[in-house]
Amino acid sequence: MNAEVQKEESMVLQKKMIGEHFETLSKAGESGRKVVYTFVPGNLNELILAFDLLPVHPEVNALQSGMRKLSGDYIQEAEKQGHSEDVCTYVKCDIGMLKKGNIGPTGEKLPPPDLLLLSYTGCFTFMKWFELLKQEYGCPVVMLQVPYQAEGKITASQREFVARQLRDVVVPALEQVSGKKLDEDRLKELLASSARAEDDLVYVWESAKHKPSPIDAYFGGVYYIGPIFTAFRGLPSCEAYYRELRREVDYRIAHGMGPTTPEGELRQQKYRIVVEGPPNWTSFRDFWKIFHDEGVVMVASTYTKVGGLYEQGFRHDPARPFETLAEYCLGCYTNRNLPARVDIIAKYVEEYEADGILFNSIKSCNSFSAGQLMMLRELEKRTGKAGAFIESDLVDPRYFSAANIKNRLESYFQMLEAKRQAA
Amino acid sequence: MDCCYIGIDLGSTTTKAVFLDEHERIMGRGITNSRSNYALACQVAREEAEINARFGLLRKKLEASTSIGALAEPLMAVLACNYALAQHLEQLKALHAECQEVAHAHALPQPELANVGLALDRIFSALATQAELDFHPGSTAASDFFRDLATSQYLKQATAVTRELPVSFDRLVGLFDAAIIRVENHSFAGLYREYLEFATARATADARFAPFAAEIAAAVKETAELRFTVLNIVGTGYGRLTLPFAREQIRSEILCHGLGAHYMFPDTRTVLDIGGQDTKAIQVDGDGIVTGFQMNDRCAAGCGRYLGYIADEMSIGVHELGPLALQSKKPVKINSTCTVFAGAELRELMSLGEKREDILAGLHRAIVLRAMSLLARSGGVDSEFTFTGGVARNQAVTSSLEKLVFENYGKMKINISTDSIFTGAVGAALFAKRDPKGVMADLEVSQLAKNPDCGIAATCSA
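What you are looking at is a predicted structure, and each value in this text was computed from that prediction instead of being measured.

Quick notes on the confidence of the model for chain B
All names here are of chain B.
In step 1: Residues with a pLDDT of 70 or more make up 93% of chain B, whose mean pLDDT is 88.
In step 2: Scored below 50 in pLDDT, residues 439-462 shows 45 contacts in the model against residues more than four places distant or in partner chains.
In step 3: This prediction of the complex comes with two scores: 0.86 for pTM and 0.83 for ipTM.

Pasting the structure below:
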């Protein structure tokens, strides 16, 4: 872990964007700007920005705390309050952070919410999470109810159901908090900007079809989704970030280069893997290093789609602002049923010419993990590729067993090698 | 000069080594405890395997002899038993000395020190007598491990001696616990020629073999001095990363157990390995290549270590658990296999009046139920099913497993070999033979582990 982390221009840009955002948040009290807490999957960033409100994403704060090795203390703090060991560690990390002064990832204090905007896509714990925050802050909650995609496709009535709630419930709530009427032209502008950034992001994802892949679509990928899944989608800074990212990817393609990792460029790409499930944030670099050392590149991942599956064709459409937002919420990865998730992964395996499929099952996230083993079996059958199954957690350091995970992964890669030699 | 390939499986509780010849035939097997020190365990297991290989070569030589040929089998049995006895007696001697040294180091007041000394003399004299019975030709030692045998016998004798002498049982146990670790951190392999002399002398004193004494002594000497050329070594197991081997010479134990099981039982498709810290359910194809696996998470519930805790709680050797459990008529239903709570659970059930054997039968079944869940997650059980790892030696586990596999997956062939515990080492040796990239000829045993601490290194080279 002595290697200096290599930073590219896009990373510097992202860091600057995040820094400025948290600085603005820390001054929200003085500037009088209102704050909306919301979640990443199905987030309504353009709508929030159209009211000039400031978004805060508690699960992003939790994962940041995990990467900064603070989550263990926060979780213990929440457990001291009586929260059980087994529930979502994002929730406990957030509650613990709140109890310890609500200091955000940049070291600045986060403002309390003026509104809790609960866009309910795929994760059932979200509801309870905001119920807890409501109790802490005593602020209003508005809930956007998004039907689960049980049929594996979005129906017209589902779209209308969500769009109607946006018009009749969410917009009035945002108007009340902000004291402003909705400016629909501003919303359309923001949506158009989102679509442009989304085009560039899709270009980046698809670059992994090259050999060698110029990106790592999982470990690197979680950085790539930062701006578009959080407070920046719809803003010029977000567009600029993805333009820069695309330029860097083009450079690496032109020079036959692999992705940049904390250990340096990944030169020798022995295996191309598709990943399902969130990464472990508390041991993120150690986790990444295991793959780097084995010459493994992640060519596609599902976790990086929890906030939108753009590469499946979806774009925010300024011509139909409410319908497009409804489709966005309905289309999130976590809102898809199990067969649809299997279809997505199988398609990745084929299109990205992957050698195998890795599942990281999350101990404290039943929403994501239920059914994963069945999915893996189905994928093995359908693609003929070998799957691996590891178990860790989002931000609870107690659930990451380095020796156990390394053992499983090494066995898996050796298994792929043996299969390759036998073929 | 004989060429060989070596596989070393550094398990969390036992370390195994296997020598393969150029035709992939097993030449020798060695096993030792690894709980104190991987470096030493690796060395001892390798030395044991080498001695075992010498015994194999000796057997061949004797079988080929026109004069001894027909007697080779009983002769080998006598030689092997006496070799093991010599080794065991030497370790007992060392243990006795260590116990005395610990007692002195504790500066016990008189007359306690004198009584402790007397108690130790009586205990170890009884242990030596018992060893003569345990290692008598025809009888089989209940365990391969000195610690297991010494622990159970020592506790029995200590209980008896405290009835006669004013010595506390806890004091005697305390001395033993401190001393056994020191003995485990010694290698006695340097004495193997002495052990052979002892064994040869005893064998040739037997009227059946006496007429061939000179020929036997010559054959023993010749095989004892054979030199093995190591063409490649592959390491696997929990402690494999401590080996100073190149990347190609380290293989995951999952792959080794898969390949080892295939070598022993070519038609096997599902392998269950219950080791000290891990349980692994492995699926292999017709070539022994692993196609999928599942293993327990960081919690060692239901693994071999759990049985170790239970044995400690009951003050018996781990090898005694299975036979005791098999005596049960009415197993207690137990759902948890939590290693941490093993002691508390056991005491709770005892306090409710449950019998030891019924509790143990329940515990063994609970271990198997946990393994069944992993098997299901790995894709189920296909014929033939092979059970490997140290726990496969426990008959209460194997009979429970057999029953549950048949109930869940139908009747099928279940393979459990006396060599099961060596499966990982066999797989590693096969990798060494089949992928001879990292040639490590003439690697000294003392070089086998990274950063051996000074004390151990000195013992190794002595």
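Some points on the interface of chain B and chain A
In step 1: Between chain B and chain A, the contact holds 24 residues from the first and 24 residues from the second.
In step 2: Counting the surface chain B buries against chain A, the share from its top three residues, Phe293(B), Arg298(B) and Arg377(B), is 27%.
In step 3: Connecting chain B to chain A are three salt bridges.
In step 4: We note a salt bridge from Arg240(B) to Glu410(A), for which the minimum N-O separation is 3.0 Å.
In step 5: If you look at where chain B meets chain A, you find twelve residue pairs in polar contact (both at pLDDT 80 or more).
In step 6: Elements supplying a minimum of two residues to the side of chain B that touches chain A: helix 8 (253-264) and strand 7 (290-295) of chain B.
In step 7: Per element, the largest residue contribution to the side of chain B that touches chain A is six residues, and it comes from strand 7 of chain B.
In step 8: Looking at the side of chain B that touches chain A residue by residue, the classes come out as eight nonpolar, seven polar and nine charged.

A short note on the environment of Glu323(A)
All names here are of chain A.
In step 1: Relative to the helices and strands, glutamate 323 is located in helix 14 (residues 321-330).
In step 2: Along the primary structure glutamate 323 and arginine 164 are separated by 159 residues, whereas in three dimensions their C-alpha atoms are 8.9 Å apart.
In step 3: Excluding residues within four positions of it along the chain, glutamate 323 makes contact with Arg159, Ala163 and Arg167.

Examining the nonpolar core
In step 1: Counting residues in each nonpolar core, the largest one holds 164 residues, and the members touching the most others are Leu47(A), Tyr90(A) and Phe291(A).
In step 2: Once you skip the residues sitting within four places of it in the chain, Leu47(A) turns out to touch Leu166(A), Val170(A), Val171(A), Leu174(A), Leu182(A), Leu187(A) and Leu325(A).
In step 3: Leu62(B), Leu92(B), Ala131(B) and Phe135(B) belong to the second-largest nonpolar core, a separate cluster that totals 53 residues.

Quick word on helix 8 of chain B
In step 1: Over its twelve residues, helix 8 of chain B extends 16 Å from the first C-alpha to the last, a length consistent with the 16 Å expected when each residue adds 1.5 Å.
In step 2: Its side-chain oxygen placed 3.0 Å from the backbone nitrogen of Ile254(B), Ser252(B) serves as the N-cap of helix 8 of chain B.

A look at the pairing of strand 1 (residues 2-10) of chain B
Residues and elements named next belong to chain B.
In step 1: The element strand 1 is extensively covered by neighbouring structure, given that seven of its nine residues are classed as buried.
In step 2: Here strand 1 runs beside strand 4 (residues 228-236); their pairing, made up of eight bridges, is parallel. Considered in strand 4, the bridge of isoleucine 6 is made with isoleucine 233.

How each quantity is defined
- Residues numbered from 1 in each chain as written.
- Chains lettered and ligands numbered in written order.
- Predicted model: local features only at pLDDT ≥ 70, side-chain atom pairs only at ≥ 80, totals over all residues.
- Heavy atoms only, no water.
- pLDDT = per-residue confidence, 0-100.
- Contact = heavy atoms within 4.5 Å.
- Buried area = accessible area lost by both parts, 1.4 Å probe.
- Salt bridge = Lys/Arg side-chain N within 4 Å of Asp/Glu carboxyl O.
- Polar contact = N/O pair within 3.5 Å; in protein donor to acceptor, adjacent residues only side chain to side chain.
- Helix = DSSP H or I, 4+ residues; strand = E, 2+ residues; numbered from the N terminus.
- Nonpolar A, V, L, I, M, F, W, Y, C, P; charged D, E, K, R; others polar.
- Core = buried A, V, L, I, M, F, W, Y, C linked by side-chain atoms within 4.5 Å.
- Buried < 20%, exposed > 50% of the residue type's maximum accessible area, 1.4 Å probe, protein only.
- Expected span 1.5 Å × (residues − 1).
- Pairing = 2+ DSSP bridges.

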